[in-house]
Structures are given as C-alpha cells and as structure tokens.
Amino acid sequence: MKLSFKKLSAMALALLFLVSAIPVPFASAADMGSSEETYVQDLGNGIVVTSTLTVSPSVARYTNKTGTLKSEFTANGTWIATITLTGNFKYNGITAGVNSASYTKTLASGWSYTNHNLTKSTVSSSNGGTVHLTANLKDFPLIVPVDMTLHCSPKGVITSA
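Computed from a predicted structure; not experimentally measured.

### Quick notes on the sheet that holds strand β4 (residues 78-91)
Each strand in a sheet pairs with its neighbour through backbone hydrogen bonds, running either in the same direction (parallel) or in the opposite one (antiparallel). Read from one edge to the other, the open sheet built from 5 strands follows the order β1-β2-β3-β4-β5, with strand pairing classed as antiparallel. The sheet is open, and its two borders are formed by β1 (35-44) and β5 (96-107), each paired with just one other strand. Pairs of neighbouring strands in the sheet enclose a mean axial angle of 15°, with direction left out of account. Two strands pair when backbone bridges link them, and strand β3 (residues 64-75) and β4 are joined in this way by 12 bridges, in the antiparallel orientation. Residue pairing in the sheet places F73 in a bridge with A81 of β4.

### Here we look at the pairing of strand β2 (residues 47-57)
Direction of pairing for β1 relative to β2: antiparallel, over a ladder of 9 bridges. Across the sheet, residue E37 finds its bridge partner in β2, namely L53. Linkage of β1 to β2, two consecutive antiparallel strands, is achieved through a turn of 2 residues, within which N45 is found at a positive phi near 55°. As judged from the 11 bridges shared by β2 and β3, these two strands associate in the antiparallel manner. Note on β3: the bridge partner recorded for L53 is L69.

### Looking at the packing of aromatic side chains
For the coordinates displayed, the defined rule picks out 1 aromatic pair. Judged by centre distance (5.8 Å) and plane angle (25°), the ring pair of Y103 and Y113 falls under stacked. With Y103 in strand β5 and Y113 in strand β6 (residues 112-120), this pair connects stretches of sequence that are 10 residues apart. Residue Y113 is classed as buried on the basis of its relative accessible area, which comes to 14%.

### Comments concerning the environment of E72
Following the sequence through the fold, E72 ends up in strand β3. Taking C-alpha positions, E72 is 9.6 Å from V40, a pair spaced 32 residues apart along the chain. Sequence-distant contacts of E72, that is, excluding residues within four places in its chain, are made with V48, V49, T50, A81 and T82.

Thresholds applied
Residues numbered from 1 in each chain as written. Predicted model: local features only at pLDDT ≥ 70, side-chain atom pairs only at ≥ 80, totals over all residues. Heavy atoms only, no water. Pairing = 2+ DSSP bridges. Helix = DSSP H or I, 4+ residues; strand = E, 2+ residues; numbered from the N terminus. Axes fitted to C-alpha atoms, helices over the stretch in contact; angles between N-to-C directions. Phe/Tyr/Trp six-rings, centres within 6.5 Å; stacked < 30°, edge-to-face > 60°. Buried < 20%, exposed > 50% of the residue type's maximum accessible area, 1.4 Å probe, protein only. Contact = heavy atoms within 4.5 Å.

Structure representation (structure tokens):
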C-alpha cells in the first residue's frame, strides 16, 4: 500500500507542476472593451477639428466606464488648441448617470478660452448620462465655438455628439 501511495503522491505532484507551468493570459485594456474612434469636422473659415473618442471600462466595477473626447483645433493647418473632455459614467442596463466630469485645455499663443460651461446630468436616467462642454476660442477677429458632448446609454455605450 505504501508503494501505491508513493506513486499516487508522485503523480499528483507532477500534475501540480504541470498545471502551474501553463501560462495564464492577463486581460489588457483592449481585451476589456476599450475602443477608439476618430473623426474630422470642418467648421468653415479654415477651422478644422479632429476629435478622438476613447472609451475605457473601469477595472474596479463593470458598471462604470470612462469616455475621453480629445479635440484638436487647427486654423488653416496651424494648431490653435487641444481640449480634452472626460466623463466617468455609471450604468446598470436600465439607467445611466455621470459620476464625474472634467476637462483640460492647451492653447496656442495669442488664443484665449472664454465663455466656458461644463454641465453634466446629475441623476441617473433612462435616457442615459451626458457631459457637455461649450466655450469659445478667440483670436481677433476669429471666434471658434467649442461644443463637445459625451453620452452614456443605460447599456454602457458611450458616444460623442
């Protein structure tokens, strides 16, 4: 009986080593549903806005997602500003709302950022949660409107408008 117990123990130990040697893949942000989308908008008068929407799920809870909308403004091919709007949303399949909202801006010399207004839906709704930023970029005589929106549906789909 001792001999078979030794053989059984040896086989169990060999199986344990074999299982522990198998690599386990780690989930990257891309595996967890991150996405990125870029589009270009011509505002006229030589003003072009190139916007990139990046959506990242929270690793802490699957009912939270963060959307980042980065817009680069150019005038006749020359960079004038970069504005980034970030919204963190909560959703449950029935309603969605905004946990937090923020923005950053970088301006070219001579340009100013005025009439800033950042709004967010404060209550979860069946219509979803929305973060909206409006402002103006100014360099006399040009006034460039800034209008950026992030929206999260109750299913957790984040879009920009």
